[in-house]
Amino acid sequence: MSGSLIYLMGPSGSGKDSLLDAAREPLAARGCRIARRVITRSAEAVGEDALALSPAQFEAEERAGAFAMSWRANGLAYGIPGQIDAWLAAGEHVLVNGSRGYLAQARQRYPTLLPVLLTVELAVLRQRLLARGRETLAEVEARLARNAQFAGGAAVQDERLHLLDNSGELQRTVDNLLGLIGGHDPCA
Ligand SMILES: Nc1ncnc2c1ncn2[C@@H]1O[C@H](COP(=O)(O)OP(=O)(O)O)[C@@H](O)[C@H]1O
Ligand SMILES: O=P(O)(O)OC[C@H]1O[C@H](OP(=O)(O)OP(=O)(O)O)[C@H](O)[C@@H]1O
């Protein structure tokens, strides 16, 4: 039987990378892998353990069919390696750091995916983006504006969506993610 795909989404700064880092070991213990993303962001950028490619390299990989999923946002290109299909086919569960803007397309390819939306109060979001210090003030404002476009939109009103609040302690969010996943069996 094929494994389940957990598609994690959330605004920039909501804590997706932090959550995945903190949940890595307990997820692995439940037979759930976290896909390593390919991003056209410099390798020095603080944050997740993603593979950095230049835009030209990314496009070449994309054309060659290297990605199971790929999208553009925040002036960057993001890809999920095609390797996840082999993992899923082998019955392994896979968690990906996805995009709200790409959810509909992701669903077309993986109709049974489990969509999880990480949420955080707006004031906390702004403060976390500023404290992270990775983006310029203009880039932070652009990310908040992108988030405002999603608020109330189809991707966040979907009744199949599982909401996970990360306004408080990260460990509580980790526990809630594990509970959510366990409750839907993929990584139980
Ligand atoms: N529950 C939390 N409490 C306090 N700070 C957090 C929490 N979750 C994440 N952060 C911090 O918020 C910032 C954004 O988190 P990050 O994981 O980079 O978000 P994303 O990957 O969604 O853009 C980071 O500086 C991180 O340390
Ligand atoms: O359509 P959206 O839901 O807005 O998502 C667009 C992209 O932004 C996020 O990137 P990322 O996690 O790299 O954000 P970060 O740069 O803040 O870490 C998310 O993971 C998507 O790749």
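Reading guide: rules and limits
- Residues numbered from 1 in each chain as written.
- Chains lettered and ligands numbered in written order.
- Predicted model: local features only at pLDDT ≥ 70, side-chain atom pairs only at ≥ 80, totals over all residues.
- Heavy atoms only, no water.
- UniProt positions renumbered as here; feature names shortened; annotations may be inferred.
- Near = heavy atom within 4 Å.
- Polar contact = N/O pair within 3.5 Å; in protein donor to acceptor, adjacent residues only side chain to side chain.
- Areas by Shrake-Rupley, 256 points an atom, 1.4 Å probe, with all protein chains shown as cover.
- Helix = DSSP H or I, 4+ residues; strand = E, 2+ residues; numbered from the N terminus.
- Core = buried A, V, L, I, M, F, W, Y, C linked by side-chain atoms within 4.5 Å.
- Buried < 20%, exposed > 50% of the residue type's maximum accessible area, 1.4 Å probe, protein only.
- Contact = heavy atoms within 4.5 Å.

- In the nomenclature of an unreviewed UniProt entry, the chain is known as Ribose 1,5-bisphosphate phosphokinase PhnN of Pseudomonas zhanjiangensis.
- Reading the Function (unreviewed entry) entry of the UniProt record for the chain gives the comment "Catalyzes the phosphorylation of ribose 1,5-bisphosphate to 5-phospho-D-ribosyl alpha-1-diphosphate (PRPP)."
- We quote the UniProt Catalytic activity (unreviewed entry) comment for the chain here in full: "alpha-D-ribose 1,5-bisphosphate + ATP = 5-phospho-alpha-D-ribose 1-diphosphate + ADP".

1. Quick notes on the site of ligand 2
- Within the structure, ligand 2 sits among 20 residues, and Ser 12, Arg 41, Ser 99, Arg 134 and Arg 146 are positioned closest to it.
- One of the side-chain nitrogen or oxygen atoms of Asn 97 is found 3.1 Å away from an oxygen atom of ligand 2.
- Take Gly 101: an N or O atom from its main chain is 3.0 Å from an oxygen atom of ligand 2.
- Relative to its free-state accessible area of 490 Å², ligand 2 is covered by the protein chains to the extent of 99%.
- For the shell around ligand 2, the secondary-structure elements that each account for two or more residues are helix 1 (16–29), strand 5 (67–73) and helix 6 (137–150).
- Residue contributions to the shell around ligand 2 peak at 3 residues, all from helix 6.

2. Structural notes on the nonpolar core
- Counting residues in each nonpolar core, the largest one holds 24 residues, and the members touching the most others are Leu 5, Tyr 7, Met 69, Ile 84, Val 94, Val 96 and Tyr 110.
- Of all the secondary structure elements, the ones that give two or more residues to this core are strand 1 (5–9), strand 5, strand 6 (76–81), helix 3 (83–89), strand 7 (93–97) and helix 4 (103–109).
- With 4 residues, strand 5 is the single largest residue contributor to this core.
- For Tyr 7, the contacting residues outside a window of four places in its chain are Met 69, Val 96, Gly 98, Ser 99, Tyr 102, Leu 103, Ala 106, Leu 113, Leu 114, Pro 115 and Val 116.
- If you look at the next biggest cluster of nonpolar residues, it comprises 18 residues, including Ile 6, Leu 95, Leu 114 and Val 116.

3. Overview of the site of ligand 1
- Every one of the 14 residues lining ligand 1 counts as a neighbour, but Gly 13, Lys 16, Ser 18, Arg 132 and Gly 168 are closest to it.
- Residue Gly 13 places a main-chain N or O atom 2.7 Å away from an oxygen atom belonging to ligand 1.
- Between ligand 1 and Ser 14 there is a distance of 3.4 Å, counted from an oxygen atom to a backbone nitrogen or oxygen.
- Here ligand 1 has 560 Å² of accessible area as a free molecule, and 75% of this is covered by the chains.

4. Comments concerning the UniProt feature "binding site: ATP" (unreviewed entry) in the chain
- Sites flagged by UniProt as "binding site: ATP" (unreviewed entry) map to Gly 10, Pro 11, Ser 12, Gly 13, Ser 14, Gly 15, Lys 16 and Asp 17.
- Considering the arrangement of structural elements, one finds Gly 15 in the loop between strand 1 and helix 1.
- In this structure, Gly 15 is in contact with Leu 118 and Asn 166, ignoring residues within four places of it in sequence.
- With respect to the secondary-structure elements, Asp 17 resides in helix 1.

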